[in-house]
Amino acid sequence: MVARSKTTNLSRSFARLRETAGLPGVRLHDLRHTVVSLLMELGVPPHVVQAIARHADVKITLKVYAHANLDAMRQALGKLDGRLS
């Protein structure tokens, strides 16, 4: 785990770079969340995403980032087509 002051300094440095580049107001944490969410949507195994995100436990990764999107739910339920009749 990164020490709080290092995280704060990194966020400040990122904000300065972002402003200098003229990019919209996005926090470093927002980018992290986007990357982890995309990895989960792409089907990367949760334990790999956990390692990339440096979560202490895969349960945290699954609890926060395992959003079931509507298309995935439709596809999963579509697999039942014809099996229930």
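Up top you'll find the structure we're talking about.
Within every chain, residues take consecutive numbers counted from 1 along the sequence as written. With pLDDT at 70 or above as the cut-off, local features in this predicted model cover only qualifying residues; side-chain atom pairs require 80 or more to be listed or tallied, and sums for whole chains, interfaces and linings still use all residues. With hydrogens and water stripped out, all remaining heavy atoms of the structure feed into the side-chain values.

## Observations regarding helix α3 (residues 46-53)
All of the buried residues along α3 are Val 49, Gln 50 and Ala 53. One side of α3 holds all its buried residues, which, seen down the axis, span an arc of 105 degrees. In α3, the exposed positions that point more than 90 degrees away from the buried face belong to His 47 and Ala 51. In this structure, the buried residues of α3 make contact with α2 (28-41) and α4 (58-65). The helix count covers DSSP runs of H or I at least four residues long, the strand count covers runs of E at least two residues long, and both are numbered beginning at the N terminus. Just downstream of α3 lies Arg 54, where phi reads positive at about 60 degrees. Note on classification: 1.4 Å probe, protein chains only; a residue is buried when its accessible area is under 20% of the maximum for its type, exposed when over 50%, partly exposed between these limits. An arc is given here, and it is the one of the directions from the helix axis to the C-beta atoms. Contacts were defined at the residue level, with two residues in contact if any of their heavy atoms lie within 4.5 Å.

## Let's talk about the nonpolar core
For the purposes of this section, nonpolar cores are sets of buried Ala, Val, Leu, Ile, Met, Phe, Trp, Tyr and Cys residues that join through side-chain atoms within 4.5 Å. Ranked by size, the top nonpolar core spans six residues in total: Val 36, Leu 39, Met 40, Val 49, Ala 53 and Tyr 65. For this core, the secondary-structure elements that each account for two or more residues are α2 and α3. Apart from the residues lying within four places of it in its own chain, the contact partners of Met 40 are Pro 46, Val 49, Thr 61, Leu 62, Tyr 65 and Ala 66.

## A word on the pattern of salt bridges
Pairing is possible between side chains of opposite charge, provided their charged atoms come close. Within this document, salt bridges are pairs made up of a side-chain nitrogen of Lys or Arg and a carboxyl oxygen of Asp or Glu, the two lying within 4 Å of each other. Overall, the coordinates contain two salt bridges when judged by the stated rule. With a shortest N-O distance of 3.7 Å, Glu 19 and Arg 18 are connected by a salt bridge. Given a relative accessible area of 53%, Glu 19 falls into the exposed group. Between Arg 27 and Asp 30 there is a salt bridge, and its shortest N-O distance comes to 2.7 Å.

## Section: the environment of Phe 14
Residue position: Phe 14 is located in helix α1 (residues 4-21). Here Phe 14 is in contact with Val 26, Arg 27, Leu 28 and Leu 31, once residues within four sequence places are set aside.

## Observations regarding the side chain of Thr 61
Positionally, Thr 61 belongs in helix α4. You can call Thr 61 buried: its relative accessible area is 0%. Within 3.5 Å is the distance limit for a polar contact, defined as a pair of N or O atoms, with the added protein rule that one can donate a hydrogen and the other accept it, and that residues adjacent in sequence qualify only through two side-chain atoms. Of note is the side chain of Thr 61, whose polar atom sits 2.6 Å from the side chain of His 55.

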